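# Inside the fold
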Amino acid sequence: MVHNVIDGRRLSAVDGRTSELVDPATGAVIGSAPLSGSSDVDDAVRAAARAFESWRATTPGGRQSALLGLASAVEDHAQRLAEVECAETGKPREVVLDEEIPACADALRFFAGAARTLEGRAAGEFLAGHTSVVRREPLGVCAQITPWNYPLMMAVWKIAPAVAAGNTTVLKPADTTPSSTALLAELANEHLPAGVINVVCGDRDTGRALVAHPVPALVALTGSTRAGEQVAAGAGLKRTHLELGGNAPVLVFEDTEVRHAAEQIVAAAFYNAGQDCTAASRVLAHERVHEELVTELTKIAARQRTGPLNSRAQLDRVCALVARVDATATVHCGGHRLGERGFFYAPTVISGLDQDAEIVREEVFAPVITVQSFGTEQRALAMANGVPQGLAASVWTRDHARAMRVSAELDFGCVWINAHGALTPEMPHGGFKSSGHGKDLSVYGLEDYTRVKHVMSKL
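Before going into details, it helps to say that this report is about the structure given with it. (Residues numbered from 1 in each chain as written. Predicted model: local features only at pLDDT ≥ 70, side-chain atom pairs only at ≥ 80, totals over all residues. Heavy atoms only, no water.)

### Side note on the overall build of the protein chain
Within the protein chain one finds 15 helices and 24 strands. The globule rule puts the C-alpha radius of gyration for 459 residues at 23 Å, and the 23 Å found for the protein chain is close to it. The dimensions of the protein chain, computed from C-alpha atoms along their principal axes, are 70 × 60 × 40 Å. Classification of the 459 residues of the protein chain by burial places 56% in the buried group. A separation of at least 24 residues holds for 72% of the contacts in the protein chain among residues at least 6 apart in sequence. Total accessible area on the protein chain is roughly 18,700 Å²; 51% of this is exposed by carbon and sulfur atoms. (Helix = DSSP H or I, 4+ residues; strand = E, 2+ residues; numbered from the N terminus. Rg over C-alpha atoms; globule rule 2.2 N^0.38 Å. Buried < 20%, exposed > 50% of the residue type's maximum accessible area, 1.4 Å probe, protein only. Contact = heavy atoms within 4.5 Å. Areas by Shrake-Rupley, 256 points an atom, 1.4 Å probe, with all protein chains shown as cover.)

### Focus: the sheet that holds strand 5 (residues 124-127)
The antiparallel open sheet is built from 3 strands, whose spatial order is 5-6-24. In the strand order of this sheet, the two ends are held by strand 5 and strand 24 (450-458), each with one partner. Ignoring which end each strand starts from, the neighbouring axes of this sheet average 45° apart. (Pairing = 2+ DSSP bridges. Axes fitted to C-alpha atoms, helices over the stretch in contact; angles between N-to-C directions.)

### A short note on unusual backbone geometry
Negative phi values dominate among residues other than glycine, just as trans dominates among peptide bonds. With a phi close to 55°, Ala273 is a non-glycine residue in the positive phi region. Structurally, Ala273 can be placed in the loop between helix 9 (258-270) and strand 13 (282-286). Judged by its relative accessible area of 3%, Ala273 is buried. Within the chain, Lys433 stands out as a residue other than glycine whose phi angle is a positive 50°. Along the chain, Lys433 falls in strand 22 (residues 432-433).

### A closer look at helix 10 (residues 290-302)
Here helix 10 contains 13 residues, and its C-alpha end-to-end distance of 18 Å stays within 8% of the 18 Å for a straight helix at 1.5 Å per residue. Burial in helix 10 covers these residues: His290, Leu293, Val294, Glu296, Leu297, Thr298, Ile300 and Ala301. (Expected span 1.5 Å × (residues − 1).)

### Regarding the side chain of Glu88
Mapping Glu88 onto the fold places it in helix 3 (residues 78-89). Buried and without a salt bridge, Glu88 has Arg80 as its closest oppositely charged side chain, separated by 8.5 Å. Within the structure, the side chain of Glu88 is placed 2.3 Å from the side chain of Ser179, a separation counted as a polar contact. Filtering out sequence-adjacent residues up to four positions away, Glu88 remains in contact with Val2, Leu21, Val22, Pro24, Ile30, Thr176, Thr177, Pro178, Ser179 and Asn310. (Lys, Arg positive; Asp, Glu negative; His and termini not counted. Salt bridge = Lys/Arg side-chain N within 4 Å of Asp/Glu carboxyl O. Polar contact = N/O pair within 3.5 Å; in protein donor to acceptor, adjacent residues only side chain to side chain.)

### Things to note about the packing of aromatic side chains
In this structure the tally under the stated criterion is 3 aromatic pairs. Look at Trp148 and Phe365: their rings are 5.5 Å apart centre to centre, the planes differ by 75°, and that puts the pair in the edge-to-face class. Of this pair, Trp148 sits in the loop between strand 7 (141-145) and helix 5 (151-164) while Phe365 sits in the loop between helix 12 (358-361) and strand 18 (368-374), and the two are 217 residues apart along the sequence. Of the residues examined, Trp148 reaches a relative accessible area of 21% and is grouped as partly exposed. What makes Phe365 buried here is its relative accessible area of 16%. (Phe/Tyr/Trp six-rings, centres within 6.5 Å; stacked < 30°, edge-to-face > 60°.)

### Brief notes about helix 7 (residues 204-212)
What helix 7 keeps buried is the set Thr206, Gly207, Ala209, Leu210 and Val211. Of the surrounding secondary structure, the elements contacted by the buried residues of helix 7 are helix 1 (38-55), strand 7, strand 8 (168-172), strand 10 (218-222) and helix 8 (225-234). Near the N-terminus of helix 7, the side chain that reaches the backbone nitrogen of Asp205, with its oxygen 3.1 Å away, is that of Asp203.

### Overview of the pattern of salt bridges
Evaluation of the coordinates by the stated rule reveals 21 salt bridges. Close ionic contact of Glu137 with Arg451 constitutes a salt bridge, the shortest N to O distance being 3.0 Å. In this pair, Glu137 sits in strand 6 (residues 130-138) while Arg451 sits in strand 24, placing the two residues 314 residues apart along the sequence. For Glu137, a relative accessible area of 5% puts it in the buried group. The class of Arg451 is partly exposed, set by a relative accessible area of 35%. In this structure, Glu254 and Arg402 form a salt bridge, with 3.2 Å as the shortest nitrogen-oxygen distance. Linking Glu254 in the loop between strand 12 (249-252) and helix 9 with Arg402 in helix 14 (residues 400-409), this pair joins segments that are 148 residues apart in sequence. One salt-bridge network, held together by shared partners, links Glu254, Asp255, Glu377, Arg402 and Arg405.

Printed below as a string of structure tokens:
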């Protein structure tokens, strides 16, 4: 059984309630987790508030040492972290071990170093007879909510900058995938003071109680646009940091080497069974290469084997979304559930869709690629930008001037050129429009967990 981690202790919910954990590859129940209520949330927030009084005074070097220790612990316990992560997500073990856990350790080490970079601007006499300085301070207790597609990685992305800046945290993982986050918090107890990192497991009601609690100074969420709207409504005057849904356009121009682009697009679209906010799921192809690209995407997609979707509810949603596609569209491969055991969906390629099609405007979050045709650069931009989301996009062309021109016009927080999905801790990740605001990763992400204070002294 998974436990909450509050003030350095492994705890069940105060009222003893639990929820079942299900293996998405089989549909079988594999464990349980606390279904935390408002009293559990209050205990965690109060523990974080107590810890903040001393943690805020820890030097940047001290915070760096603690995060470096946690990074090493993540590597030392990689096998156990992968075991619990894979059990609840259905991910291939080698992918978690070879790609995701090293990325988590790398992000922790980046923020460990970044902890020592924060500074105010130069002091000066901007008013006669007075000297001004700018202080950059931690916010306090940070309430954080993470999704089910990358449970461990998203917990690291949330915890690392908050703690590096001198804050303490209370994090609620997704109700279907809490185990790796709880284990991360247990490992953190060996390197950080009790109460600096707290984890409360539970459902949407648990999340609402955390968002509404009066103590946290900031609420950070990675999740759907709908969840972001609910958090924004419930947070009141708290600061919010929202990394919400994607729906990434992939603009393929006529001078692109089609086969190579198709291979890269399928890899970026179907990674983690397409359950990625930056998935290359919405392909816009120039009319000269549209037919060839559809053919190549279909051949490559038909050979893919992807993992399961997160839950029965997610599988049912995707099945219904594809079933509602207009009859004039063509499903070139997939378009159906795979088997009766677990929550698998066949890799799918669909063309012939209008811009206002539901499956074009909605984030699918599954191994599904839609392909639309455009004739001009202006039309490609209008189609790419003509959705509510604004997280990520990519441009595929050999024309450097076009790549620069188009990337400047795309209304998305991250734009790749002749690539898709590459991330590094040094660079910010976050979107525009209904994809939210605030940045994960990078020094920009660290600054989001600070406040700026002006101190003026009369000479």
